[in-house]
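What follows is each chain in one-letter form.
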Amino acid sequence: MQPYDGLECEHCGLFLGSTLGLHGTELCGLCRRASYSFDQARSFAEYDGVLGALIRRFKYDAWFPLAKPLARCLQEASGRFTTGGKSPIQFDLILPVPLHRNRQRKRGFNQAQLLAANLSRLNGVRVGGRDCVRMRDTPPQTGLRGAERRKNVRGAFAVPEPGRVKGASILLIDDVLTTGATLDACAAALREAGAAQVRALTLARARKPQPES
Ligand SMILES: [Zn+2]
């Protein structure tokens, strides 16, 4: 599997085919107009080919041994976060994007949690427990467009004990980023609870909506 090595939006990490969409800035059109709640997002590669197939095996067929090599992809992609010349990023906490308890019970596991645990073994950053929880079992995002997806997940996350994330530099983990709505809503809850920084890291970036986790 090859990591994406082309141009990406400085803020949200959107893969860009050329500098045309940047209009002389380092930001994609969406980030120039509005800002996500996360400080930055990065993804290992596009959601297709071998990576897409492995993610589907991992998530829908529960091939757990894949968590380890997939976490190595996350570790590699985390090297693409930038700090604007400041010292390297120190993360205090890794948090997987939570599933609602009903969905987790149905699936039996949270794929983001398994990725987070394996990434923690590589970078030594501790994984938080229920620091951020999903309050609403949001309808599947499949088939919804960007604005609808944002509306769908807005307010879906809560931080039960704000003191646990206050002032922390947080690394949010998920398998796939499509519109960024889920990661954005999760980051918004963490920021509201006092997190100092929230960066989002995913294995893949999908152009079209995928079946929901
Ligand atoms: Zn962007």
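The rules we used
Residues numbered from 1 in each chain as written. Predicted model: local features only at pLDDT ≥ 70, side-chain atom pairs only at ≥ 80, totals over all residues. Heavy atoms only, no water. Helix = DSSP H or I, 4+ residues; strand = E, 2+ residues; numbered from the N terminus. Rg over C-alpha atoms; globule rule 2.2 N^0.38 Å. Buried < 20%, exposed > 50% of the residue type's maximum accessible area, 1.4 Å probe, protein only. Contact = heavy atoms within 4.5 Å. Areas by Shrake-Rupley, 256 points an atom, 1.4 Å probe, with all protein chains shown as cover. Lys, Arg positive; Asp, Glu negative; His and termini not counted. Charge placed at Lys NZ, Arg CZ, Asp CG, Glu CD. Donors = N, O, S within 2.8 Å, 3.2 Å for Na, K, Ca; no water. Tetrahedral: all angles 85-135°; square planar, octahedral: opposite > 155°, others 65-115°. Axes fitted to C-alpha atoms, helices over the stretch in contact; angles between N-to-C directions. Left-handed = near helix turned anticlockwise from the far one by under 90°. Nonpolar A, V, L, I, M, F, W, Y, C, P; charged D, E, K, R; others polar. Expected span 1.5 Å × (residues − 1). Arc of directions from axis to C-beta. Pairing = 2+ DSSP bridges.

(A) How the structure looks around the overall build of the chain. The secondary structure content of the chain amounts to seven helices and eight strands. In terms of overall dimensions, the chain is globule-like: its C-alpha atoms have a radius of gyration of 16 Å, near the 17 Å expected for 213 residues. In terms of overall dimensions, the chain has C-alpha extents of about 45 × 40 × 35 Å along its principal axes. Across the 213 residues in the chain, those meeting the buried criterion constitute 49%. When contacts within the chain are restricted to residue pairs at least 6 apart in sequence, long-range pairs at least 24 apart make up 76% of them. When the accessible area of the chain is evaluated, it comes to approximately 10600 Å², of which 51% is carbon and sulfur surface. Computed over 32 positive and 19 negative side-chain charges, the separation of the two mean positions in the chain equals 4 Å.

(B) Just the coordination of the zinc ion, in detail. Taken together, Cys9 (SG), Cys12 (SG), Cys28 (SG) and Cys31 (SG) make up the full set of protein donors to the zinc ion, lying 2.3 Å away. Note that the zinc ion binds four donor atoms; their angles at the metal cover 105 to 113°, and the shape is tetrahedral. Summarised as a motif, the one-chain spacing of the donors to the zinc ion is C-x2-C-x15-C-x2-C. The buried category is assigned to Cys9, whose relative accessible area is 0%. With a relative accessible area of 3%, Cys12 lands in the buried category.

(C) Fine view of the packing of helix 6 (residues 146–153) against helix 7 (residues 181–192). Interaxial distance between helix 6 and helix 7 falls to 9 Å at its minimum, and their mutual angle equals 35°. Note that helix 6 runs across helix 7; the crossing there is right-handed. Residues Arg149, Arg150 and Val153 of helix 6 form the contact with helix 7, whose own contacting residues are Ala181, Thr182 and Ala185. By residue class, the composition of the contact of helix 6 with helix 7 is three nonpolar, one polar and two charged.

(D) Examining the side chain of Thr182 more closely. Among the secondary structure elements, Thr182 is positioned in helix 7. Taking relative accessible area as the criterion, Thr182 reaches 14% and is therefore assigned buried. Leave out the neighbours within four places in its chain, and Thr182 touches Val97, Arg134, Gln141, Val153 and Phe157.

(E) Representation of the packing of helix 3 (residues 67–78) against helix 5 (residues 111–123) in the model. Where helix 3 contacts helix 5, the two axes come as close as 8 Å, and the packing angle between them is 65°. Read as a crossing pair, helix 3 and helix 5 show a hand that is right-handed. On helix 5, the residues touching Ala67, Lys68, Leu70, Ala71, Arg72, Leu74 and Gln75 of helix 3 are Leu114, Leu115, Asn118, Leu119, Leu122 and Asn123. The residue inventory of the contact of helix 3 with helix 5, partitioned by class, reads eight nonpolar, three polar and two charged.

(F) Focus on helix 2 (residues 49–60). Taking 1.5 Å per residue, 12 residues should reach 16 Å; helix 2 reaches 16 Å between its end C-alpha atoms and fits that length. Restricting attention to buried positions, one finds in helix 2 the residues Leu51, Gly52, Ile55, Phe58 and Lys59. Buried positions in helix 2, seen along its axis, are confined to an arc of 130° and lie on one side of it. The exposed residues of helix 2 that point more than 90 degrees off its buried face are Gly49 and Val50. On its buried side, helix 2 packs onto strand 3 (40–46), helix 3, helix 4 (101–107), helix 5, strand 7 (169–177) and strand 8 (197–205). Ala62 occupies a position one or two residues after helix 2 and carries a positive phi of about 55°.

(G) Main features of the pairing of strand 4 (residues 93–96). Side chains Leu93 and Leu95 project from strand 4 onto one buried face, and the interleaved Ile94 and Pro96 project onto a second face that is buried too. Sheet topology note: the strand 4/strand 7 ladder contains four bridges and is parallel. What sits directly across from Ile94, in strand 7, is Leu171.

(H) Focus on helix 3. In this model, helix 3 (12 residues) spans 16 Å end to end at C-alpha, consistent with the 16 Å of a helix rising 1.5 Å per residue. Residues of helix 3 that are buried: Ala67, Leu70, Ala71, Cys73, Leu74, Ala77 and Ser78. Mapping the buried residues of helix 3 onto a view down its axis gives an arc of 150°, with all of them on the same face. On its buried side, helix 3 packs onto strand 3, helix 2, helix 5, strand 7 and strand 8.

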